[in-house]
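Each chain is listed here by its residues.
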Amino acid sequence: MKKIAYLSLLLVLVSGTRAFSEVPTTPDIVNLVATSSSITVTFTANDDEITDGYYISYWKTSDSDAWARVRFPNPATPSPTYSYLIRGLDNNTQYTVRLTAYDGEEESSPTTDTAETSSVTISIKLVDSGTLQVGLDEIPSGVEYFSVDIGSSPGASDILDG
């Protein structure tokens, strides 16, 4: 009689928890859009109802030892695709982006892709006294605005006056 009572108690405890979690399906990276200092990662939502969220890891392709990992929880409102903006990257550098889905302690197989940040050349020309003309060689894809801060440094007036 004691064995039966113990067995039924164990079944109630296990069925009341998420004891049987599965490894989530691997999500897909749809697109990487790079600017001079950021990469936007667009990826498909995981069809698994059990997925808690996603991990986005990134690193300079030339230095895989120095990497960062961001946790992207599943939003309350489902969507077929999600986007995440990675900021503060070095320009003219290739980055590797790795994406996995997670559910509790379980993590999917990774999917990876690479993108290279661009460089922007800014030219400054003195038009007349007190007026500067600022130009860009190209506006990187995805840039909606930019700002240019012009300050003075030792010898700067010599350059602008010459």
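Quick note: structure is the one above.
Let's talk about the overall build of the chain
Across its full length, the chain carries 2 helices and 10 strands. If you list the helices and strands of the chain from N to C, you get α-β-β-β-β-β-β-β-β-β-β-α. Relative to its full complement of 162 residues, the chain shows a buried share of 26%. Just so you have it, the chain exposes about 11300 Å², and 51% of that area is on carbon and sulfur atoms.

Some thoughts on the nonpolar core
Ranked by internal contacts, the top residues of the largest apolar core, which has 20 residues, are Ile39, Val41, Phe43, Tyr54, Ile56 and Val97. Mapped by element, the contributors of at least two residues to this core are strand S1 (29-34), strand S2 (39-44), strand S3 (53-60), strand S4 (67-73), strand S5 (81-86) and strand S6 (94-103). Residue contributions to this core peak at 4 residues, all from S6. Excluding its chain neighbours within four sequence positions, the residues that come into contact with Ile39 are Leu32, Val33, Ala34, Tyr84, Leu85, Ile86, Leu89, Tyr95, Ala115 and Thr117.

What to know about the pattern of salt bridges
Counted by the stated rule, this structure contains 2 salt bridges. Put simply, Asp90 and Lys60 hold a salt bridge, and the shortest N to O gap is 2.5 Å. Of this pair, Asp90 sits in the loop between S5 and S6 while Lys60 sits in strand S3, placing them 30 residues apart in sequence. Notably, a salt bridge pairs Glu107 with Arg69, separated by 2.8 Å at the nearest N-O pair. On the criterion of sequence distance, the pair formed by Glu107 in strand S7 (residues 106-107) and Arg69 in strand S4 is long-range, its members being 38 residues apart.

Considerations on the packing of aromatic side chains
Throughout the structure, instances matching the rule amount to 8 aromatic pairs. Taking the centre distance of 5.9 Å and the plane angle of 50° together, the rings of Phe43 and Tyr82 count as tilted. One end of the pair, Phe43, is in strand S2; the other, Tyr82, is in strand S5, and 39 residues separate them in sequence. Neither Phe43 nor Tyr82 differs from the other in exposure class; each is buried. With a centroid separation of 6.3 Å and 50° between ring planes, the pair formed by Tyr54 and Tyr82 is classed as tilted.

Considerations on the sheet that holds S5
Strands sit in the order S1-S2-S5 across an open sheet of 3 strands; the sheet is antiparallel. In the strand order of this sheet, the two ends are held by S1 and S5, each with one partner. If you compare each strand with its neighbour and ignore which way they point, the axes differ by 15° on average. Looking at chain direction, S2 and S5 are connected through 6 bridges and run antiparallel. Directly across from Thr40, in S5, lies its bridge partner Leu85.

Remarks on the environment of Tyr58
Position of Tyr58 relative to the elements: it lies in strand S3. Of the residues examined, Tyr58 reaches a relative accessible area of 18% and is grouped as buried.

Examining the environment of Ser83
Among the structural elements, Ser83 can be located in strand S5. Taking the relative accessible area as the measure of exposure, Ser83 reaches 45% and is therefore partly exposed. With residues near it in sequence (within four places) discarded, Ser83 still touches Thr40, Val41, Thr42 and Phe72. Within the structure, Ser83 has its side chain in polar contact with the side chain of Thr42 (distance 3.1 Å).

Calculation criteria
Position numbers for residues count from 1 along each chain, tracking the sequence in the order it is written. Whole-chain, interface and lining totals are the exception, using all residues; otherwise, since this is a predicted model, local features are given only for residues with pLDDT of at least 70 and side-chain atom pairs are given and counted only at 80 or more. The basis for the side-chain values is all heavy atoms of the structure; hydrogens and waters are excluded. A run of H or I in DSSP becomes a helix once it reaches four residues, and a run of E becomes a strand once it reaches two; helices and strands are each numbered from the N terminus. Think of it in three bands: residues with accessible area under 20% of the maximum for their type are buried, residues over 50% are exposed, and the middle band is partly exposed, with areas taken using a 1.4 Å probe on protein chains only. Areas reported as accessible are Shrake-Rupley estimates using a 1.4 Å probe. Residue values count occlusion only from the protein chains shown. Put simply, buried Ala, Val, Leu, Ile, Met, Phe, Trp, Tyr and Cys residues joined by side-chain atoms within 4.5 Å make one nonpolar core. Note on contacts: a residue pair is in contact if any heavy atoms of the two residues lie within 4.5 Å. When a carboxyl oxygen of Asp or Glu is within 4 Å of a side-chain nitrogen of Lys or Arg, the pair counts as a salt bridge. In this scheme Phe, Tyr and Trp rings, the latter by its six-membered ring, pair at centre separations within 6.5 Å, and the angle between planes marks the pair as stacked below 30 degrees, edge-to-face above 60, and tilted otherwise. Two strands make a pair as long as DSSP finds a minimum of two bridges between them. Between N-to-C directions, angles cover 0 to 180 degrees, with each direction set by a line fitted to C-alpha atoms, over the stretch in contact for helices. Side-chain atoms alone can form a polar contact between residues adjacent in sequence; in general such a contact is a pair of N or O atoms within 3.5 Å, and within protein one must be able to donate a hydrogen while the other accepts it.

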